[in-house]
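This is what each chain is made of:
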Amino acid sequence: MSEYVRIIALASFTALGFALCLLGCGRDSVPETSAATTGEVAKADTYQAGKVHSNDAGSGDWPSHGLTSDEQRFSSLSQINRDTVKELGLAWFRDMETNRAQEATPIVVHGVMYLTSSWSRVYAIEALTGELIWRFDPKVPGAWARRLCCDVVNRGVAVDDERVYVGTLDGRLIALDAASGSVVWEQDTLVDRDRFYSITGAPRVANGKVFIGNGGAEFGVRGYVTAYEAETGAQIWRFFTVPGDPSLPFENPELKMAVETWKGDEWWKFGGGGTVWNSIVYDQELNQLYIGVGNGSPWSREIRSPGGGDNLFLSSIVALDPDTGVMKWYYQTTPGDNWDYTAVQDIALADMVVDGVLRKVLLQAPKNGFFYVLDRTDGKLLRAHPYTAVTWASHVDMETGRPVENPGSDYREKPTWVLPGSTGGHNWQAMSTDVAAGLVYLPTMENSLIFALSDEWIQTGSIDSRVARWKPGVELGRLAQLILESPDAPESVGVLKAFDPLTGETKWSVKQDYYWNGGVLATAGGLVFQGDAQGMLSAYDKEHGEVLWQFNTYTSILAPPITFMVDDIQYVSILTGGGGADLWGSGSPTASYKYGNHGFLLTFQLGGSEQLPAPTLVDRTIPEQIDVAGPMEHIAEGEKLYNNFCAACHGLFVQASSGIRDLRLTSPERQLIFKNIVLEGLFASAGMAAFNDVLSAEEVRKIHQFVRARATEDRNVAQGRKKEAQMTWITTP
Ligand code: CA
């Protein structure tokens, strides 16, 4: 079944699964468990000899992005546990006044919650009541939204020493006074403001320094990470992850070695990629900083580095000296990345017995589908088991440390489905590491993509280098058609797994209707919390994966839950609102599709009885389209233009389910000003920038023609006049 047909079929499927779950998934068959006392907390903790968990130290805070500096996201709090969780209820909620995706991990220090929402806005909130203390709006220009691959998101702040640090979408790093929210200092972190750089990740602060990277590899940028002095904002060092123009001096000495692994003479013009947009972890014990490095730009290595090469340090985990930025070691997960396989996913540090030896390890499940266990003293590979279905490589050779690629995953000859697809087997949604159990609770995806070399490259030997365009080097213009033509499109699914990184075994798993779900938190209360695309915040038994508790938020969830304790009461908090990197694939009947995308901040406690506003179904009646007639070839051209310039936000097949407008629902009045919206930026303040620098009036007319043709197809299906949409206007590449 094709992806497109499946998306439609999923509607009835999902609704059924949803109803069954409401009836059957929340039953309380609670196993025997230990008493929830603070004494138990201390005992549960002993495996962590020498480690400081602030939750454990009695403060109850959630002081940094991954809870502790080793970012295990495993809380020792256990007041909410297998026995008591059935009493868990909403203590308070706050409407964050956004319908865009929310991805942040809130920080809780001394009873105050610091978090970000969309547009890099920062909030300080009373953790006990949800009352606003202050709000800081960095006033990111609305038109900046066009520079983002994946919506106007932010994954959180860092808090240290009465300061709050935030990176903004438009590339600024700002230090705020924690008490007042006033600006202490502000730095421009971008090396080139004309290229489409952005910041969505949380800064990390350690040893008097603030560390931040950026994103933008889909648009063609060159990745780097920078350290700033926390006190003043002065730049200390900068580490570029990929070499620039080889005729210029190397900015950091490691690039001399890296440049030998790049071929051709074009990569630095595209930027090369290698952005550090998510994981930056400071190792207190070894005084090392680990950065997760992103995919190549363009994705296709045939275009990026013709003739091969590993393309260091793409898709790598790199250890740096945090004081100087000098590299200590690296491990490349995907040499010569060809599939958007970032290694920016969250990194956890732990002490684990591996083959009889207690080792200081680093754990990561990058997009490529293998779970890496490295010795973090020297980067030595200890394990690399697949954590999900993988078709691009057969295995990782433990002698060489390199993946063994399957020849079938090379898409130069013909379009090829590859697992994992570009969303990865795991993305930025956080995992939780349970060292005592030897498990990670991992939000995984089986979601493949059909890769094909770009038609433009095949026909002209070049790709459009304009900065305002996605430049993956794989065919986007015909992507929907490639999916429709493919007889063997695999099913997509999300799977929450309790995964043993040393044996590669999955202890238990929970299958989810939709692949794009939230981050994970596990606790010493025996629980694994996760929010999902269907709007459920669930607590699973960490022994068996059985659902012990659920709360329906009626909106999709991506952000990870956190937990904290104030005045001897344990709380669980989470942000809601879906979207993010899933905008391409949206249109499925998730909670946000059915009930709208709502940005709430929710906080739960035992006995909580607050209620969210009653959900209302979104009216998805597609209005009659005006002036639909037009030459088929114009619609076909419009489809290619739409997929190249619009689909990353408005969805492939013109189906959008999160906070970004579903263009099929455009009213007749708005259809009359479609051209003005796209070319002149009528709604630039909401993120819809003017495209007059890359699109002509004639091209916009063709895009509009295609949008109306798609809307008409789906209107006919909805009204029973057609069985399914065909999209038959493109017959040849
Ligand atoms: Ca990417």
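Look above for the structure.
Right, let's walk through the structure included here. (Residues numbered from 1 in each chain as written. Predicted model: local features only at pLDDT ≥ 70, side-chain atom pairs only at ≥ 80, totals over all residues. Heavy atoms only, no water.)

Moving on: the overall build of the protein. When you go through the protein residue by residue, the secondary structure sums to 13 helices and 39 strands. Its C-alpha atoms give the protein a radius of gyration of 24 Å, within 12% of the compact-globule value 27 Å for 733 residues. Along the first, second and third principal axes, the C-alpha set of the protein runs to 75 × 60 × 50 Å. Burial status across the protein gives 63% buried among its 733 residues. Within the protein, counting contacts between residues at least 6 apart in sequence, those at least 24 apart form 64% of the total. (Helix = DSSP H or I, 4+ residues; strand = E, 2+ residues; numbered from the N terminus. Rg over C-alpha atoms; globule rule 2.2 N^0.38 Å. Buried < 20%, exposed > 50% of the residue type's maximum accessible area, 1.4 Å probe, protein only. Contact = heavy atoms within 4.5 Å.)

Let's shift gears to the pattern of salt bridges. Per the stated rule, a full pass over the model turns up 42 salt bridges. Between Asp 137 and Arg 121 there is a salt bridge whose closest N-O contact spans 3.4 Å. On the criterion of sequence distance, the pair formed by Asp 137 in the loop between β6 (132-136) and β7 (158-160) and Arg 121 in the loop between β4 (112-116) and β5 (122-126) is long-range, its members being 16 residues apart. Judged by relative accessible area, which is 23%, Asp 137 ranks as partly exposed. By relative accessible area, which is 21% here, Arg 121 ends up partly exposed. Ionic pairing is found between Arg 478 and Asp 455, a salt bridge with its closest N-O pair at 2.7 Å. (Salt bridge = Lys/Arg side-chain N within 4 Å of Asp/Glu carboxyl O.)

One pass over the structure, following the stated rule, counts 1 disulfide. For Cys 149, the disulfide goes to Cys 150, at an S-S distance of 2.1 Å. Because the torsion about its S-S bond is -105°, the bridge between Cys 149 and Cys 150 counts as left-handed. Not engaged in a disulfide, the cysteine Cys 646 finds its nearest cysteine sulfur in Cys 649; these two sulfurs lie 8.9 Å apart. Residue Cys 646 is classed as buried on the basis of its relative accessible area of 16%. (Disulfide = S-S within 2.5 Å.)

Structural measurements only, silent on function.
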